[in-house]
Amino acid sequence: MTIQEAIESRHSVRSYKPDPIPQNIRETLDAYAAECSEEGDLHIFIRYDDPNGFDSRLAHYGTFRNVNNYIVLAGTKNNDFNLRCGYYGEKLVLFAQQLGLNTCWTALTFNKRKVKELLKDGESLCMVIALGYGETQGTPHKGKTVSDVVIADNAPAWFTEGVQAALLAPTAVNQQKFQFRYENGEVHLRTKGFGTYLETDLGIVKYHFEAVTGKPVVVD
């Protein structure tokens, strides 16, 4: 599965089969999580066979079922901490999709107290991502169009392709509050309007664009 195929097939999944993740897949995921942690100066790790992370009223209210595995995005908090968590978290999400797994980003609907107990001293928690074999592959949601999120004149085809990939990125409550600008050969990305978890969303969106185009994105 290519990265483009992973982007197109990835949808949020909240209900999972009880099937355990095989050991060889765990080792592959853990190694990739370690790479993402090093690249992003973060502490990204995966908990397996641990239902406590989603044992909470909010999780049940959010219709999560059988979440026994999850990715924790944490690290030392600084100015772009949330952006990096979004970027490298989504990098791991799409890698998991390529391995046949399903995921769901969540900022609230997990047991925050239990997860925070797993962190090292001085670390901050950004978000948690449910992980496993979904009961379904999830469903796509209607979103914005390229013209809704772009300011550009005579942009090349690769720019449009990157924006289309970015529009398939998961954002908090599907808000898609971001805007791309193509100017003097550079791609710029910024938030547009007000919303929740916008900086993390920008990191996720940035990764989608860069993964498909191979072109850098400047976050304004």
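Notes on the structure in this doc start here. None of the values given here were measured: they were computed from a predicted structure.

### A few points about the pairing of strand 6 (residues 178-183)
Consideration 1: Of the pairings in the sheet, the one linking strand 5 (residues 150-151) to strand 6 comprises two bridges and is parallel in character. Paired with isoleucine 151 across the two strands is arginine 181, which belongs to strand 6.
Consideration 2: Viewed along the sheet, the connection from strand 5 through helix 6 (residues 157-166) into strand 6 turns out left-handed.
Consideration 3: Looking at chain direction, strand 6 and strand 7 (residues 186-191) are connected through six bridges and run antiparallel. Paired with tyrosine 182 across the bridge in strand 7 is valine 187.
Consideration 4: Here strand 6 folds back onto strand 7 in antiparallel fashion, the turn holding two residues, of which asparagine 184 has a positive phi close to 55°.

### Quick notes on the sheet that holds strand 4 (residues 124-132)
Consideration 1: In spatial order, the strands read 1-2-4-3; together these four strands make up an open sheet with antiparallel pairing. A strand with exactly one partner marks an edge of an open sheet, and here the two such strands are strand 1 (43-47) and strand 3 (102-106). Sheet twist, expressed as the mean angle between neighbouring strand axes with direction ignored, is 20°.
Consideration 2: Pairing geometry for strand 3 and strand 4, over five bridges, is antiparallel.

### Here we look at the nonpolar core
Consideration 1: One finds Leu29, Ile44, Leu73 and Phe180 to be the most contacted residues of the largest nonpolar core, which totals 49 residues.
Consideration 2: Among the elements that make up this core, the one with the highest residue count is helix 4 (residues 81-98) (ten residues).
Consideration 3: Look past the residues within four positions of leucine 73 in its chain and what remains in contact with it is His43, Ile44, Cys85, Gly89, Trp105, Ser124, Leu125, Cys126, Met127 and Ile129.
Consideration 4: Formed by 16 residues, the second largest nonpolar core is a distinct cluster that contains Val72, Ala74, Cys104 and Phe110.

Calculation rules
- Residues numbered from 1 in each chain as written.
- Predicted model: local features only at pLDDT ≥ 70, side-chain atom pairs only at ≥ 80, totals over all residues.
- Heavy atoms only, no water.
- Pairing = 2+ DSSP bridges.
- Helix = DSSP H or I, 4+ residues; strand = E, 2+ residues; numbered from the N terminus.
- Right-handed = clockwise from strand over helix to strand, strands pointing away.
- Axes fitted to C-alpha atoms, helices over the stretch in contact; angles between N-to-C directions.
- Core = buried A, V, L, I, M, F, W, Y, C linked by side-chain atoms within 4.5 Å.
- Buried < 20%, exposed > 50% of the residue type's maximum accessible area, 1.4 Å probe, protein only.
- Contact = heavy atoms within 4.5 Å.

Everything listed is a geometric property; what it means functionally is a separate question.
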